[in-house]
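Listed here are the chains, written in short residue letters.
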Amino acid sequence: MAASVREKQTVALKRMLNFNAPPLKNTAAEPVWKVLIYDRFGQDIISPLLSVKELRDMGITLHLKTKYYIIKNNHNHRNQLYESYYLNFISAISRSKLEDIASAALAANAVTQVTKVFDQYLNFITLEDDMFILCHQNKELISYHDVYYCAVPIIRCPRGNAAEMVAVKLDKKLRENLRDARNSLFTGDSMTAGQFSFQRPLFVLVDRNVDMATPLHHTWTYQALIHDVLDFHLNRVVMEEGMGAEPSAGARPKKKSRKTYDLTAADKFWQKHKGSPFPEVAESVQEELDTYRAQEDEVKRLKSIMGLEGEDEGAISMLSDNTAKLTSAVSSLPELLEKKRLIDLHTNVATAVLDHIKSRKLDVYFEFEEKLMSKSTLDKSLLDIISDPDGGTPEDKMRLFLIYYITAQQAPSESDLEQYKKALLDAGCDLSPLNYIKQWKAFTKMAATPANYGNSGVKPMGLFSRVMNTGSQFVMEGVKNLVLKQHNLPVTRILDNLMEMKSHPETDDYRYFDPKMLRGSESSIPRNKNPFQEAIVFVVGGGNYIEYQNLVDYTKSKQGKKIVYGCSELFNASQFIKQLSQLGQK
């Protein structure tokens, strides 16, 4: 399978840090020492991909200043401060900006020090092998992400919204680039990886309006839950620690410390379980902890038998051959310590998530919303959940009600709506988001054709096994052991229709763009009749981990297919509801 988006962007960054030449395989060679100077824009791109250690291994001292990775802003250059300048622009620099740099270099008598100027086309942030977002500091929606597929895509989009405007611009930009033989992104080095691929990728642009319920949905998978309830940004979780038990009378309260955890591609537990239901994650963390304790106890036991509790590894390794077992156990200590670090990380993060689940009854919200979205029979009334003083925050209640309002076949009557509004106000809710959703639903005529959420729903399983034990780190008592049923959310279903060339009322009117054709076409009739093997689905107006995970699960069921999820920004339900609130106040 072709390299992932994450691998390709990492390779591009490493090449840039090696003066735009492929890094040498011989790692023993002394690197050329340099400093990377970047702004926040560049930092957001680099931080999810390269650690400080990896940068140091590539010769980045982080102290001396000789290398640039900057956005196209005007920068002052002090003459003679650096031996040489390598200017790398995240996105293509305009002719006028290039002339400004030339003038500045001339004025500072530093022309000979400007060694190279490069356009990098890296103006997006890769968070997963198959997920990217546009840079936070710049919401410009035209990205050269297609270059990383080394093939010109077929573009599909709905009519009459922001996604169509972006598709038109993207089609125009790709056409112009294909006509520019000297500077085409689809020739030369960029094509080497994909030159033997006879299939072009599909690029599906959809508008956030196609599904307003999923971004508000209380979720049940590990990664999406972390993003929903904790401070999770660019693959880093920031948590307050040291809260612990209440201090005794007269004792000084413990100071809260902020702890950061990086959830990386190298973390095997994270890669395996980020898309798993939370109860399954809790059980797996407990199993990993039990396994680690058994290994740790074995090392301690062997050391104790041989009277070596206080000895270091060097002394132990000098013992005779019959101690090979102990030597082997001790030599694996660094690996064990790294395993312990990851177990501690996930124990702390999962415990913090569990605290939110229990204190806010998130399992109840998740189960009820799944039933609303799948039109299943409800076992309790919506009013009861909103009115429950112990169940959830005002924001949780507002999210639930908005999902009910968005997915309802018919809007509630005025008298019912007033009753719901009163209950929401009594619960401390801000009704501004509802004002906007009412306008949006009336405008899009969603009452007649609400988004179809498929045969979703959850099924409760039996009691927890390992995590219900008294020795468990996770006290799951009172939390439902819910398992998700596989179903396609609206964005996944749209992609499936277009990728498999299915005729469906939802997508039959989607516009069709082929940048390779000499003239643009208004046609919505695809010329390509074969199903696509690769696709990018990009959500204009913001995406979320629930949608991403649904696409990942869909891809697993489609052998040989490769799908990448992108969005203009990544927000959780709290951030999305703030946007709705601002829109509702206008």
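These lines cover the structure that appears in this document, whether it is placed above or below. Along each chain, numbering runs from 1 in the same order as the chain's sequence is written. Given that this is a predicted model, residues contribute local features only at a pLDDT of at least 70 and side-chain atom pairs are listed and counted only at 80 or more, while totals for whole chains, interfaces and linings are drawn from all residues. Computation of side-chain values: all heavy atoms of the structure, hydrogens and water removed.

Turning next to unusual backbone geometry. The phi angle at Phe19 is positive, at roughly 60°, despite the residue not being glycine. Tracing the backbone through its elements, the reader meets Phe19 in the loop between α1 (5-17) and β1 (36-38). Residue Phe19 is classed as partly exposed on the basis of its relative accessible area of 24%. You will see that Asn109, though not glycine, has its phi angle at about 55°, which is positive. In this structure Asn109 comes out as exposed when scored by relative accessible area, which is 58%. Segments assigned H or I by DSSP are reported as helices when at least four residues long, segments assigned E as strands when at least two residues long, and all are numbered from the N terminus. Buried means the residue's accessible area, taken with a 1.4 Å probe over protein chains only, is under 20% of the maximum for its type, while exposed means over 50%, and partly exposed covers the values in between.

This part covers the side chain of Ser432. Position of Ser432 among the secondary structure elements: in helix α16 (residues 432-444). Of the polar contacts made by the side chain of Ser432, one reaches the side chain of Gln585; its length is 3.4 Å. Should any heavy atoms of two residues lie within 4.5 Å, those residues are considered in contact. In this structure Ser432 touches Leu580, Ser581, Gly584 and Gln585, once residues within four positions along its chain are discounted. The term polar contact refers here to a pair of N or O atoms within 3.5 Å; inside protein, the definition further demands a hydrogen-donor-capable atom paired with an acceptor-capable atom, and it admits residues adjacent in sequence only when both atoms are side-chain atoms.

We treat two strands as partners when DSSP finds at least two bridges between them. A sheet is described by the order of its strands in space; here seven strands give the open sequence β5-β6-β16-β15-β8-β7-β14, paired in mixed fashion. Whereas interior strands pair on both sides, the edge strands pair on one side only; in this sheet they are β5 (124-128) and β14 (511-513). Each strand of the sheet is rotated relative to its neighbour by a mean of 20°, with strand direction disregarded. Two strands pair when backbone bridges link them, and strand β7 (residues 154-157) and β14 are joined in this way by three bridges, in the antiparallel orientation. Angles run from 0 to 180 degrees between N-to-C directions of axes, and those axes are lines fitted to C-alpha atoms, restricted for helices to the stretch in contact.

A few words now on the packing of aromatic side chains. Working definition: rings of Phe, Tyr and Trp (its six-membered ring) pair if their centres are within 6.5 Å, and the pair is stacked with planes under 30 degrees apart, edge-to-face with planes over 60 apart, and tilted otherwise. Evaluated as defined, the whole model comprises 14 aromatic pairs. Centroid distance Phe401 to Tyr405: 6.3 Å. Interplanar angle 45°. Geometry classified as tilted. Separated by four residues within a single helix, Phe401 and Tyr405 lie in helix α14 (residues 394-407), roughly one turn from each other. Here Phe401 matches Tyr405 in class, with each residue buried. When the centroid spacing of 5.0 Å and the interplanar angle of 25° are considered together, the rings of Phe571 and Phe576 count as stacked. For Phe571, a relative accessible area of 1% puts it in the buried group. Positioned above the aromatic ring of Tyr405, the side-chain terminus of Lys441 is 5.3 Å from the ring centre. Two conditions define a charge located above a ring, namely a distance within 6 Å from the ring centre to NZ of Lys or CZ of Arg, and an angle within 35 degrees of the ring normal.

Worth remembering: the numbers are spatial, not functional.
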